[in-house]
Amino acid sequence: EDKVVQSPLSLVVHEGDTVTLNCSYEVTNFRSLLWYKQEKKAPTFLFMLTSSGIEKKSGRLSSILDKKELFSILNITATQTGDSAVYLCAVEINSDYKLTFGKGTLLTVNP
Amino acid sequence: DGGITQSPKYLFRKEGQNVTLSCEQNLNHDAMYWYRQDPGQGLRLIYYSQIVNDFQKGDIAEGYSVSREKKESFPLTVTSAQKNPTAFYLCASTRQISGANVLTFGAGSRLTVL
């Protein structure tokens, strides 16, 4: 059975802190790993990772994939209250269109 | 603007009633999905469709039904057989980025069974 495990499940920090969110996976025929941010309703796409060791960056957010150890991390530096959200990790299997999601990490950034 | 429209946003139903959630996209995406989200559970796949007139069961299809008569539309019916239907339902479609499928989500429909 394909599994995606995110940790921690919740995290509370102060503005300006740096956070690291983790996503590990056990799937057959890995194709890609995706990160999403969900504030109120629709998750919005952050990053898509397919190759090990190549960091993707967007402003204060960055992510990297380790295909040997089967995990990815999402880093957020200099956190702001607007970063408060649920961060979802999903893995795509090579043989079909399905994505398997983790349970998400609820990040709360306090002023 | 292109996007995915889900309706209604909020829905209440009595036990034993069927209810249909609408999902329409004008992105010209081939594949469409329905996910269910419960607190602390992440997103779980109900049904997905890669082309018109074809769809496959996801991980939690029992008590749900779908149709895909048009490329733009993928309605989900929550039947009375679904034992715990109160949840947040997300519809999505995919676009390809560098060969990988990236989901675009609608704003969701929150169903409450009274």
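As shown above, the structure is provided for reference.
Quick caveat, the model's predicted, so the values are computed rather than measured.

With that out of the way, let us pick up the nonpolar core. Residue and element names in this part refer to chain A. In this structure, Tyr25, Leu33, Trp35, Tyr87 and Leu107 are the most contacted members of the largest nonpolar core, which totals 21 residues. Only strand 3 (19-26), strand 4 (30-38), strand 5 (44-49), strand 7 (61-66), strand 8 (71-76), strand 9 (85-93) and strand 11 (105-110) provide two or more residues apiece to this core. With near-sequence residues (within four places) excluded, Leu33 lies in contact with Cys23, Tyr25, Phe47, Met48, Leu49, Leu65, Ser72, Cys89, Ala90 and Val91.

Counting across every chain of the model gives 2 disulfides over all chains. The disulfide that involves Cys23 of chain A links it to Cys89 of chain A, with 1.9 Å between the sulfurs. Measuring the twist about the S-S bond at about -70°, one finds the Cys23 of chain A-Cys89 of chain A disulfide to be left-handed. One end of the pair, Cys23 of chain A, is in strand 3; the other, Cys89 of chain A, is in strand 9, with 66 residues separating them in the sequence. Cys23 of chain A gets classed as buried once you look at its relative accessible area, which sits at 1%. By relative accessible area, which is 0% here, Cys89 of chain A ends up buried. Two residues share a disulfide in this structure: Cys23 of chain B and Cys91 of chain B, whose sulfurs sit 1.9 Å from each other. Residues Cys23 of chain B and Cys91 of chain B are joined through a disulfide that is left-handed, its torsion about the S-S bond being -75°. Of this pair, Cys23 of chain B sits in strand 3 (residues 19-25) while Cys91 of chain B sits in strand 9 (residues 87-97); the two residues are 68 residues apart in sequence, bridging distant segments of the chain. Of the two residues, Cys23 of chain B and Cys91 of chain B, neither departs from the other in class, the shared state being buried.

In this section: the interface of chain A and chain B. Between chain A and chain B, the residue contacts involve 19 residues of the former and 29 residues of the latter. Buried surface at the junction of chain A and chain B, summed over both partners, amounts to about 2000 Å²; 59% is from carbon and sulfur atoms. When contributions to the side of chain A that touches chain B are tallied by element, the ones reaching two or more residues are strand 4, strand 5, strand 9 and strand 10 (99-101) of chain A. It is strand 4 of chain A that provides the largest number of residues to the side of chain A that touches chain B, a total of 5 residues. Taken together, the residues that form the side of chain A that touches chain B break down as 10 nonpolar, 3 polar and 6 charged.

A complete count under the given rule lists 6 salt bridges over all chains for this structure. Across the salt bridge formed by Glu92 of chain A and Arg31 of chain A, the nearest N and O atoms sit 3.7 Å from each other. Of this pair, Glu92 of chain A sits in strand 9 while Arg31 of chain A sits in strand 4, and the two are 61 residues apart along the sequence. Judged by its relative accessible area of 0%, Glu92 of chain A falls in the buried class. On the accessibility criterion, Arg31 of chain A (26% relative accessible area) is partly exposed. For Asp38 of chain B, the salt bridge identified is with Arg36 of chain B, shortest N-O distance 2.8 Å. Just as Asp38 of chain B is buried, Arg36 of chain B falls in that class too. Where salt bridges share partners, they join Arg36, Asp38 and Arg44 of chain B into one cluster.

Calculation criteria
Residues numbered from 1 in each chain as written. Chains lettered and ligands numbered in written order. Predicted model: local features only at pLDDT ≥ 70, side-chain atom pairs only at ≥ 80, totals over all residues. Heavy atoms only, no water. Core = buried A, V, L, I, M, F, W, Y, C linked by side-chain atoms within 4.5 Å. Buried < 20%, exposed > 50% of the residue type's maximum accessible area, 1.4 Å probe, protein only. Helix = DSSP H or I, 4+ residues; strand = E, 2+ residues; numbered from the N terminus. Contact = heavy atoms within 4.5 Å. Disulfide = S-S within 2.5 Å. Buried area = accessible area lost by both parts, 1.4 Å probe. Nonpolar A, V, L, I, M, F, W, Y, C, P; charged D, E, K, R; others polar. Salt bridge = Lys/Arg side-chain N within 4 Å of Asp/Glu carboxyl O.

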